[in-house]
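Coordinate inspection notes
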Amino acid sequence: MKRVVLFLATNLAILLVLSVVMSLVLPVFGVDPSSYAGLLVFAAVFGFGGAFISLAMSKWLAKRSVGAQTIERPRNTTEQWLIQTVARQAQQAGIPMPEVAIYNSPEPNAFATGASKKNSLVAVSTGLMRSMNQDEVEAVLAHEISHIANGDMVTLTLIQGVVNTFVIFFARVIAGAIDNVTRSNSSDGRGLGGLAYFGIVMVLEVVFGILASIIVMWFSRQREYRADYGSAQLVGKHKMIGALRRLQNAHESQLDGSMVAFGIQSKRSMSELLMSHPPLAKRIAALEQL
């Protein structure tokens, strides 16, 4: 969950910045906001631009957010085992060796991120290493390796780019419609004015961006099932089921009420529509049916 939330938050922030730039650029190129074709082209350029900038920053942001330290040279047998296990699984999955990092946290967490299969990262928490046996940790690592092998972050970026395009496009279309209504109802024929129009666009982009996250979260849940299946293929489904059951019994995370990255969801979750990971019971059931 952590990497998905970071990606979405970074994307939204970049999207708003690019939206300001776009508002300045459109007049330079003579694009009328009411011209749907031209507006859609510019929305796609800036929408995908924001998503790919977020992707490029994903590994750096993820490491900074948890204070993860890349293992350059193993300092103990645990780090040596981590490096060897990730290397073996990466070879099995047919991907280049990712960076391996560890960070201090009492929660049993892990995540994988990166702009490509050649530029990826697998990080685990000290809490994960302490609370799970080697078979369970091996399954968690295989789950994260499967995310990389499946190209989940790139696919997420493409989906986010499409979503961004329509967020930018419809925010300006609706703001333009409000401007037209205001102008027609005004005795002097004046519309919203530059600042008011821009303010409405910003508000609509934030609202639409949050609503659009439902689409991204749906994809995120599907990729978790795929990564679980990938882990089962690499290390055996009994190990993956054991890891999920261990997480199911773990204490509630202090980070947003979730076991971040690997997917424990809080009972306080408003709706499964807004969950980046399926409920653990469903994931276990899906593996048991393999």
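Above this text you will find the structure in question.
The structure contained in this document is the topic of the report that follows.

What counts and how
- Residues numbered from 1 in each chain as written.
- Predicted model: local features only at pLDDT ≥ 70, side-chain atom pairs only at ≥ 80, totals over all residues.
- Heavy atoms only, no water.
- Pairing = 2+ DSSP bridges.
- Helix = DSSP H or I, 4+ residues; strand = E, 2+ residues; numbered from the N terminus.
- Axes fitted to C-alpha atoms, helices over the stretch in contact; angles between N-to-C directions.
- Left-handed = near helix turned anticlockwise from the far one by under 90°.
- Nonpolar A, V, L, I, M, F, W, Y, C, P; charged D, E, K, R; others polar.
- Salt bridge = Lys/Arg side-chain N within 4 Å of Asp/Glu carboxyl O.
- Buried < 20%, exposed > 50% of the residue type's maximum accessible area, 1.4 Å probe, protein only.

Attention now goes to the sheet that holds strand β1 (residues 69-70). Note on sheets: strands pair through backbone hydrogen bonds, and any given pair is parallel or antiparallel. Ordered by their spatial adjacency, 4 strands build an open sheet running β1-β2-β4-β3, and the pairing between neighbours is mixed. Single-partner strands in this sheet number two, and they are β1 and β3 (110-116). In terms of strand pairing, β1 meets strand β2 (residues 99-103) through 2 bridges, oriented antiparallel. Following the sheet pairing, Gln-69 is matched in β2 by Ile-102.

Okay, the packing of helix α2 (residues 36-66) against helix α6 (residues 152-185) next. Where α2 contacts α6, the two axes come as close as 7 Å, and the packing angle between them is 140°. In this structure, the crossing between α2 and α6 has a hand that is right-handed. For the contact of α2 with α6, a count of residues per class yields 17 nonpolar, 8 polar and 1 charged.

Moving on, we come to the pattern of salt bridges. On inspection of all chains with the given rule, the structure shows 13 salt bridges. Among the ionic pairs, Lys-239 bridges to Glu-138, the shortest N-O distance being 2.9 Å. Placement of Lys-239 in helix α8 (residues 237-248) and of Glu-138 in helix α5 (residues 134-149) is noted, with a sequence separation of 101 residues between them. The class for Lys-239 is buried, based on a relative accessible area of 16%. We classify Glu-138 as buried; its relative accessible area is 12%. Between Asp-152 and Arg-226 there is a salt bridge, and its shortest N-O distance comes to 3.7 Å. On the criterion of sequence distance, the pair formed by Asp-152 in helix α6 and Arg-226 in helix α7 (residues 194-235) is long-range, its members being 74 residues apart. Overall, the relative accessible area of 2% leaves Asp-152 in the buried class. Overall, Arg-226 belongs to the partly exposed group, its relative accessible area being 43%.

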